[in-house]
Amino acid sequence: MTVQTLTIPEAEADTRLDRWFRRRFPQLTQGALQKMLRSGQIRVDGKRAEANTRLQAGQAIRIPPLPEGPAPKAEPKPVSERDARELERMVLYRDESVLVLDKPHGLAVQGGPGIARNLDAMLDALRFDAEERPRLVHRLDRDTSGVLLLARSAAAAAFLAKAFRGRDVEKTYWAVVVPQPEATEGRIDLALAKQGGPRGERTVAVDDPGQGVRAITDFRTLDAAKRRVAWLELKPLTGRTHQLRVHCAEGLGTPILGDGKYGGAAAHLEELPSQLHLHARALRLPHPEGGVLEAAAPLPPHMRDTFAYFGFEVPKTPKPRRLAAPGKR
(Lines give C-alpha, C1' and ligand atoms only; values in the text may rest on other atoms or scores of the structure.)
Protein backbone atom coordinates (compact mmCIF):
# COMPACT_ATOMS: atom_id res chain seq x y z
CA MET A 1 0.00 0.00 0.00
CA THR A 2 1.33 3.44 -0.90
CA VAL A 3 0.81 6.82 0.71
CA GLN A 4 -2.68 8.19 0.04
CA THR A 5 -4.68 11.28 0.92
CA LEU A 6 -8.34 11.16 1.94
CA THR A 7 -10.71 14.10 2.38
CA ILE A 8 -13.12 14.23 5.33
CA PRO A 9 -16.78 14.34 4.20
CA GLU A 10 -19.44 16.35 6.02
CA ALA A 11 -20.90 13.18 7.56
CA GLU A 12 -17.60 12.43 9.35
CA ALA A 13 -16.93 15.95 10.63
CA ASP A 14 -16.22 16.35 14.35
CA THR A 15 -14.94 12.77 14.65
CA ARG A 16 -11.76 12.17 16.66
CA LEU A 17 -8.80 11.31 14.44
CA ASP A 18 -8.11 7.99 16.17
CA ARG A 19 -11.76 6.91 15.94
CA TRP A 20 -11.85 7.87 12.27
CA PHE A 21 -8.79 5.68 11.61
CA ARG A 22 -10.27 2.72 13.48
CA ARG A 23 -13.44 2.90 11.41
CA ARG A 24 -11.60 3.20 8.09
CA PHE A 25 -8.70 0.84 8.85
CA PRO A 26 -9.80 -1.62 11.56
CA GLN A 27 -6.68 -3.76 11.00
CA LEU A 28 -4.56 -0.96 12.52
CA THR A 29 -3.90 -1.39 16.24
CA GLN A 30 -4.06 1.55 18.63
CA GLY A 31 -0.35 1.15 19.37
CA ALA A 32 0.59 1.30 15.69
CA LEU A 33 -1.65 4.32 15.18
CA GLN A 34 -0.04 6.19 18.10
CA LYS A 35 3.45 5.42 16.73
CA MET A 36 2.51 6.83 13.29
CA LEU A 37 1.12 9.96 14.92
CA ARG A 38 4.22 10.50 17.07
CA SER A 39 6.51 10.09 14.06
CA GLY A 40 4.45 12.48 11.93
CA GLN A 41 3.56 9.86 9.30
CA ILE A 42 -0.11 10.76 9.72
CA ARG A 43 -0.89 14.41 9.03
CA VAL A 44 -3.98 16.61 8.88
CA ASP A 45 -3.79 19.34 6.25
CA GLY A 46 -0.04 18.78 6.17
CA LYS A 47 0.44 19.22 9.92
CA ARG A 48 1.17 16.82 12.75
CA ALA A 49 -1.90 15.89 14.78
CA GLU A 50 -2.86 14.24 18.06
CA ALA A 51 -5.12 11.21 18.45
CA ASN A 52 -7.88 13.40 19.94
CA THR A 53 -7.83 15.95 17.07
CA ARG A 54 -11.39 16.71 15.96
CA LEU A 55 -11.68 16.48 12.18
CA GLN A 56 -13.49 19.05 10.06
CA ALA A 57 -15.19 18.54 6.71
CA GLY A 58 -12.81 19.13 3.80
CA GLN A 59 -9.60 18.41 5.72
CA ALA A 60 -6.99 16.25 3.95
CA ILE A 61 -5.63 13.26 5.88
CA ARG A 62 -2.25 11.79 4.90
CA ILE A 63 -2.42 8.00 5.19
CA PRO A 64 0.99 6.24 5.28
CA PRO A 65 1.44 2.65 4.10
CA LEU A 66 -0.56 0.48 6.50
CA PRO A 67 -0.20 -3.17 7.47
CA GLU A 68 -2.00 -5.60 5.22
CA GLY A 69 -4.53 -8.02 6.56
CA PRO A 70 -8.24 -8.62 6.60
CA ALA A 71 -10.33 -6.30 8.67
CA PRO A 72 -12.08 -8.03 11.55
CA LYS A 73 -15.77 -8.38 10.84
CA ALA A 74 -17.98 -7.16 13.63
CA GLU A 75 -21.40 -8.73 13.66
CA PRO A 76 -23.99 -5.94 13.58
CA LYS A 77 -26.47 -6.01 16.43
CA PRO A 78 -29.96 -6.82 15.20
CA VAL A 79 -32.46 -3.98 15.29
CA SER A 80 -35.44 -4.77 17.48
CA GLU A 81 -38.87 -4.83 15.90
CA ARG A 82 -39.89 -1.93 18.14
CA ASP A 83 -36.90 0.20 17.03
CA ALA A 84 -37.50 -0.72 13.38
CA ARG A 85 -41.12 0.45 13.57
CA GLU A 86 -40.05 3.66 15.31
CA LEU A 87 -37.46 4.38 12.60
CA GLU A 88 -39.97 3.78 9.82
CA ARG A 89 -42.35 6.27 11.44
CA MET A 90 -39.59 8.88 11.28
CA VAL A 91 -39.44 8.76 7.46
CA LEU A 92 -40.75 11.97 5.89
CA TYR A 93 -39.62 11.29 2.33
CA ARG A 94 -38.08 8.41 0.37
CA ASP A 95 -36.91 7.87 -3.19
CA GLU A 96 -34.18 5.82 -4.89
CA SER A 97 -31.39 8.15 -3.72
CA VAL A 98 -32.34 9.73 -0.39
CA LEU A 99 -34.25 9.30 2.83
CA VAL A 100 -35.44 12.24 4.93
CA LEU A 101 -36.11 11.56 8.60
CA ASP A 102 -37.80 13.53 11.35
CA LYS A 103 -35.26 12.86 14.11
CA PRO A 104 -36.75 13.10 17.60
CA HIS A 105 -35.23 14.98 20.49
CA GLY A 106 -32.97 12.73 22.57
CA LEU A 107 -31.88 10.26 19.86
CA ALA A 108 -28.14 10.34 19.19
CA VAL A 109 -27.15 10.24 15.52
CA GLN A 110 -23.83 8.45 16.14
CA GLY A 111 -22.31 6.47 18.97
CA GLY A 112 -19.85 7.74 21.56
CA PRO A 113 -18.99 7.58 25.28
CA GLY A 114 -22.13 7.07 27.35
CA ILE A 115 -24.36 6.60 24.29
CA ALA A 116 -26.09 3.22 24.40
CA ARG A 117 -28.47 3.77 21.49
CA ASN A 118 -27.83 5.67 18.28
CA LEU A 119 -29.34 6.03 14.82
CA ASP A 120 -26.23 5.02 12.90
CA ALA A 121 -26.24 1.58 14.53
CA MET A 122 -29.84 0.97 13.43
CA LEU A 123 -29.74 2.11 9.81
CA ASP A 124 -30.12 -1.42 8.45
CA ALA A 125 -33.77 -1.13 9.45
CA LEU A 126 -34.14 1.60 6.80
CA ARG A 127 -32.85 -0.32 3.78
CA PHE A 128 -36.36 -0.85 2.35
CA ASP A 129 -34.96 -3.71 0.23
CA ALA A 130 -32.13 -1.56 -1.16
CA GLU A 131 -28.79 -3.27 -1.76
CA GLU A 132 -26.83 -0.68 0.23
CA ARG A 133 -27.20 0.44 3.80
CA PRO A 134 -28.28 4.10 4.17
CA ARG A 135 -25.47 6.53 4.98
CA LEU A 136 -25.41 9.65 7.15
CA VAL A 137 -24.42 12.77 5.21
CA HIS A 138 -24.73 15.30 8.05
CA ARG A 139 -25.50 15.28 11.76
CA LEU A 140 -27.75 16.76 14.40
CA ASP A 141 -26.98 16.96 18.11
CA ARG A 142 -28.71 14.35 20.24
CA ASP A 143 -31.01 16.99 21.77
CA THR A 144 -31.78 18.74 18.47
CA SER A 145 -34.86 17.50 16.64
CA GLY A 146 -35.88 17.77 13.01
CA VAL A 147 -34.86 17.10 9.43
CA LEU A 148 -32.04 14.60 8.95
CA LEU A 149 -30.89 13.49 5.49
CA LEU A 150 -29.61 10.02 4.56
CA ALA A 151 -28.09 8.81 1.29
CA ARG A 152 -29.23 5.44 -0.04
CA SER A 153 -26.09 4.74 -2.09
CA ALA A 154 -22.40 5.56 -2.15
CA ALA A 155 -22.92 7.74 -5.23
CA ALA A 156 -25.70 9.73 -3.57
CA ALA A 157 -23.60 10.11 -0.41
CA ALA A 158 -20.67 11.54 -2.40
CA PHE A 159 -22.97 13.98 -4.23
CA LEU A 160 -24.66 15.16 -1.03
CA ALA A 161 -21.39 15.46 0.93
CA LYS A 162 -20.08 17.74 -1.81
CA ALA A 163 -23.29 19.82 -1.66
CA PHE A 164 -22.88 20.30 2.09
CA ARG A 165 -19.21 21.22 1.74
CA GLY A 166 -19.94 23.69 -1.05
CA ARG A 167 -22.71 25.45 0.90
CA ASP A 168 -25.32 24.47 -1.66
CA VAL A 169 -27.60 23.38 1.20
CA GLU A 170 -29.96 25.89 2.81
CA LYS A 171 -30.62 24.95 6.45
CA THR A 172 -33.38 26.51 8.52
CA TYR A 173 -33.64 26.03 12.28
CA TRP A 174 -36.20 27.23 14.79
CA ALA A 175 -35.18 28.06 18.35
CA VAL A 176 -36.77 29.59 21.43
CA VAL A 177 -34.31 31.88 23.23
CA VAL A 178 -34.38 33.66 26.58
CA PRO A 179 -34.81 36.59 26.73
CA GLN A 180 -35.72 38.33 23.46
CA PRO A 181 -32.58 39.64 21.70
CA GLU A 182 -32.18 43.38 21.20
CA ALA A 183 -31.92 43.09 17.39
CA THR A 184 -34.85 41.62 15.50
CA GLU A 185 -32.66 40.29 12.69
CA GLY A 186 -29.07 40.27 11.54
CA ARG A 187 -25.94 38.20 11.07
CA ILE A 188 -23.72 36.64 13.72
CA ASP A 189 -20.12 36.35 12.51
CA LEU A 190 -18.25 34.90 15.47
CA ALA A 191 -15.29 32.53 15.30
CA LEU A 192 -15.48 29.34 17.36
CA ALA A 193 -12.88 27.05 18.94
CA LYS A 194 -12.91 23.78 20.87
CA GLN A 195 -11.95 23.93 24.53
CA GLY A 196 -11.44 21.11 27.03
CA GLY A 197 -12.62 21.23 30.59
CA PRO A 198 -13.62 19.18 33.66
CA ARG A 199 -17.07 18.58 32.16
CA GLY A 200 -15.78 17.60 28.75
CA GLU A 201 -15.15 19.42 25.52
CA ARG A 202 -17.21 22.46 24.60
CA THR A 203 -17.25 25.09 21.86
CA VAL A 204 -16.40 28.68 22.76
CA ALA A 205 -16.46 31.99 20.91
CA VAL A 206 -13.09 33.65 20.33
CA ASP A 207 -12.35 37.29 19.49
CA ASP A 208 -9.33 36.43 17.36
CA PRO A 209 -10.42 34.51 14.21
CA GLY A 210 -6.90 33.14 14.00
CA GLN A 211 -7.53 31.19 17.20
CA GLY A 212 -10.66 29.50 15.89
CA VAL A 213 -12.77 28.75 12.85
CA ARG A 214 -15.08 31.34 11.31
CA ALA A 215 -18.77 30.64 11.88
CA ILE A 216 -21.67 32.63 10.41
CA THR A 217 -25.40 32.52 11.24
CA ASP A 218 -28.23 34.68 9.92
CA PHE A 219 -31.17 35.17 12.30
CA ARG A 220 -34.54 36.87 12.51
CA THR A 221 -37.25 37.05 15.15
CA LEU A 222 -40.51 35.39 14.12
CA ASP A 223 -42.41 36.15 17.34
CA ALA A 224 -41.83 37.15 20.96
CA ALA A 225 -43.69 37.14 24.28
CA LYS A 226 -43.29 40.20 26.51
CA ARG A 227 -39.54 40.12 25.89
CA ARG A 228 -39.28 36.98 28.09
CA VAL A 229 -38.65 34.67 25.14
CA ALA A 230 -38.38 34.90 21.38
CA TRP A 231 -38.94 32.46 18.55
CA LEU A 232 -36.00 32.77 16.17
CA GLU A 233 -35.37 31.52 12.68
CA LEU A 234 -31.68 30.61 12.33
CA LYS A 235 -29.87 29.98 9.06
CA PRO A 236 -26.29 28.72 9.56
CA LEU A 237 -24.03 29.52 6.61
CA THR A 238 -21.27 27.36 8.11
CA GLY A 239 -21.51 24.05 9.95
CA ARG A 240 -19.51 24.15 13.18
CA THR A 241 -20.09 22.01 16.25
CA HIS A 242 -22.75 23.64 18.49
CA GLN A 243 -22.60 26.74 16.28
CA LEU A 244 -26.19 27.84 16.82
CA ARG A 245 -26.09 27.22 20.56
CA VAL A 246 -22.94 29.29 21.04
CA HIS A 247 -24.01 32.02 18.61
CA CYS A 248 -27.28 32.48 20.49
CA ALA A 249 -25.70 32.39 23.95
CA GLU A 250 -22.57 34.45 23.26
CA GLY A 251 -23.31 36.28 20.01
CA LEU A 252 -26.82 37.45 20.94
CA GLY A 253 -26.62 37.08 24.71
CA THR A 254 -29.82 35.02 24.63
CA PRO A 255 -29.24 31.28 25.17
CA ILE A 256 -31.56 28.69 23.70
CA LEU A 257 -34.23 27.62 26.14
CA GLY A 258 -33.14 24.42 27.89
CA ASP A 259 -29.48 24.76 26.92
CA GLY A 260 -27.82 24.51 30.30
CA LYS A 261 -24.47 23.63 28.72
CA TYR A 262 -24.09 27.07 27.14
CA GLY A 263 -26.64 29.15 29.01
CA GLY A 264 -26.51 27.84 32.56
CA ALA A 265 -29.44 28.69 34.83
CA ALA A 266 -30.42 31.60 32.54
CA ALA A 267 -31.46 29.08 29.88
CA HIS A 268 -34.28 27.65 32.02
CA LEU A 269 -37.72 28.95 32.92
CA GLU A 270 -39.47 27.18 35.77
CA GLU A 271 -42.86 26.74 34.09
CA LEU A 272 -41.50 25.47 30.75
CA PRO A 273 -40.05 22.15 29.54
CA SER A 274 -36.35 21.77 30.32
CA GLN A 275 -35.41 20.12 27.01
CA LEU A 276 -33.34 21.96 24.42
CA HIS A 277 -35.61 24.11 22.21
CA LEU A 278 -33.68 23.79 18.94
CA HIS A 279 -35.33 22.25 15.88
CA ALA A 280 -33.98 21.61 12.38
CA ARG A 281 -37.07 22.89 10.62
CA ALA A 282 -36.13 22.56 6.94
CA LEU A 283 -33.54 21.67 4.32
CA ARG A 284 -33.36 22.80 0.71
CA LEU A 285 -30.64 21.23 -1.43
CA PRO A 286 -29.74 19.81 -4.84
CA HIS A 287 -31.05 16.28 -5.41
CA PRO A 288 -28.55 13.63 -6.62
CA GLU A 289 -30.80 12.84 -9.60
CA GLY A 290 -31.40 16.48 -10.53
CA GLY A 291 -33.68 19.23 -9.35
CA VAL A 292 -34.08 20.47 -5.78
CA LEU A 293 -35.31 18.66 -2.68
CA GLU A 294 -37.25 20.58 -0.04
CA ALA A 295 -38.17 18.98 3.28
CA ALA A 296 -39.55 20.25 6.58
CA ALA A 297 -40.31 18.62 9.93
CA PRO A 298 -43.02 19.49 12.48
CA LEU A 299 -42.13 20.70 15.96
CA PRO A 300 -41.36 18.06 18.62
CA PRO A 301 -43.89 17.72 21.47
CA HIS A 302 -41.99 19.79 24.06
CA MET A 303 -41.61 22.72 21.64
CA ARG A 304 -45.28 22.47 20.62
CA ASP A 305 -46.18 22.83 24.32
CA THR A 306 -43.97 25.91 24.67
CA PHE A 307 -45.36 27.51 21.51
CA ALA A 308 -48.90 26.91 22.75
CA TYR A 309 -48.03 28.40 26.16
CA PHE A 310 -46.87 31.66 24.57
CA GLY A 311 -49.48 31.70 21.80
CA PHE A 312 -47.00 31.40 18.93
CA GLU A 313 -48.86 30.45 15.75
CA VAL A 314 -46.97 27.75 13.90
CA PRO A 315 -47.43 27.53 10.13
CA LYS A 316 -48.51 24.23 8.63
CA THR A 317 -45.60 21.92 7.83
CA PRO A 318 -45.37 21.44 4.05
CA LYS A 319 -44.86 17.96 2.65
CA PRO A 320 -41.38 17.18 1.32
CA ARG A 321 -41.10 17.59 -2.43
CA ARG A 322 -38.62 17.35 -5.24
CA LEU A 323 -38.73 20.31 -7.63
CA ALA A 324 -37.56 20.30 -11.22
CA ALA A 325 -34.34 22.13 -11.99
CA PRO A 326 -34.79 25.74 -13.16
CA GLY A 327 -35.78 25.83 -16.82
CA LYS A 328 -37.08 22.23 -16.80
CA ARG A 329 -40.61 20.92 -16.58
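Worth saying up front: this structure is predicted, and the values here are computed from it rather than measured. Position numbers for residues start from 1 in each chain and track the written sequence from start to end. Only residues with pLDDT of at least 70 are given local features in this predicted model, and only at 80 or more are side-chain atom pairs given and counted; all residues enter the totals for whole chains, interfaces and linings. Water and hydrogen atoms play no part in the side-chain values, which are based on all heavy atoms of the structure.

As a further point, take empty space enclosed by the protein. Definitions used throughout: a 1 Å grid over protein atoms alone; a cavity as a set of points that fits a 1.4 Å probe which cannot get out; a pocket as an open set with protein on both sides within 12 Å along at least five of seven lines; a lining residue as one with an atom within 4 Å of a point. Grid points are joined across faces, edges and corners, and a volume is the space filled by probe spheres set on the points. Enumeration according to the criterion identifies two cavities of 30 Å³ or more in this entry. Of the pockets and cavities examined, the largest cavity occupies roughly 450 Å³. For the largest cavity, the lining is made up of 21 residues, of which R139, Y173, G239, R240 and T241 are closest to its centre. Helix numbering and strand numbering both begin at the N terminus, where a helix is a DSSP run of H or I of at least 4 residues and a strand a DSSP run of E of at least 2. Looking at the lining of the largest cavity, the elements that each hand over two or more residues are β9 (170-177) and α5 (243-251). Ranked by residue count, the leading element in the lining of the largest cavity is α5, at three residues. Under the scheme applied, nonpolar residues are Ala, Val, Leu, Ile, Met, Phe, Trp, Tyr, Cys and Pro; charged residues are Asp, Glu, Lys and Arg; polar residues are all the others, including Gly. Taken together, the residues of the lining of the largest cavity break down into six nonpolar, eight polar and seven charged. Taken as a whole, the second largest cavity encloses approximately 40 Å³ of empty space.

Taken as a whole, the largest pocket encloses approximately 1300 Å³ of empty space. For the largest pocket, the lining is made up of 36 residues, of which R23, N118, D120, A121 and R133 are closest to its centre. Among the elements of the structure, α1 (17-24), β7 (135-136) and α4 (154-165) are those that each provide at least two residues to the lining of the largest pocket. Looking at the lining of the largest pocket, the element that brings in the most residues is α4, giving five residues. Here the lining of the largest pocket is composed, by residue class, of 18 nonpolar, six polar and 12 charged.

Looking now at the packing of α1 against helix α2 (residues 30-38). A pair of packed helices is captured by two measures, namely the crossing angle of their axes and the spacing between those axes. α2 packs onto α1 with a crossing angle of 125° between their chain directions and a minimal axis gap of 11 Å. One finds that α1 runs oblique with respect to α2. In this structure, the crossing between α1 and α2 has a hand that is right-handed. From α1, L17, D18, F21 and R22 reach across to α2, where they touch Q30, L33 and L37. Of the residues contributing to the contact of α1 with α2, the split by class is four nonpolar, one polar and two charged. For every element, the axis is a line fit to its C-alpha atoms; helices are fit only across the contacting stretch, and the angle between N-to-C directions ranges from 0 to 180 degrees. Any angle that falls under 35 degrees is termed roughly parallel, while one over 145 is termed roughly antiparallel, one within 65 to 115 roughly perpendicular, and all others oblique. Handedness of a crossing is defined here by the sense of rotation of the near helix relative to the far one, left-handed for an anticlockwise turn of less than a right angle and right-handed for a clockwise turn. Any pair of residues with heavy atoms lying within 4.5 Å of one another is described as a contacting pair.

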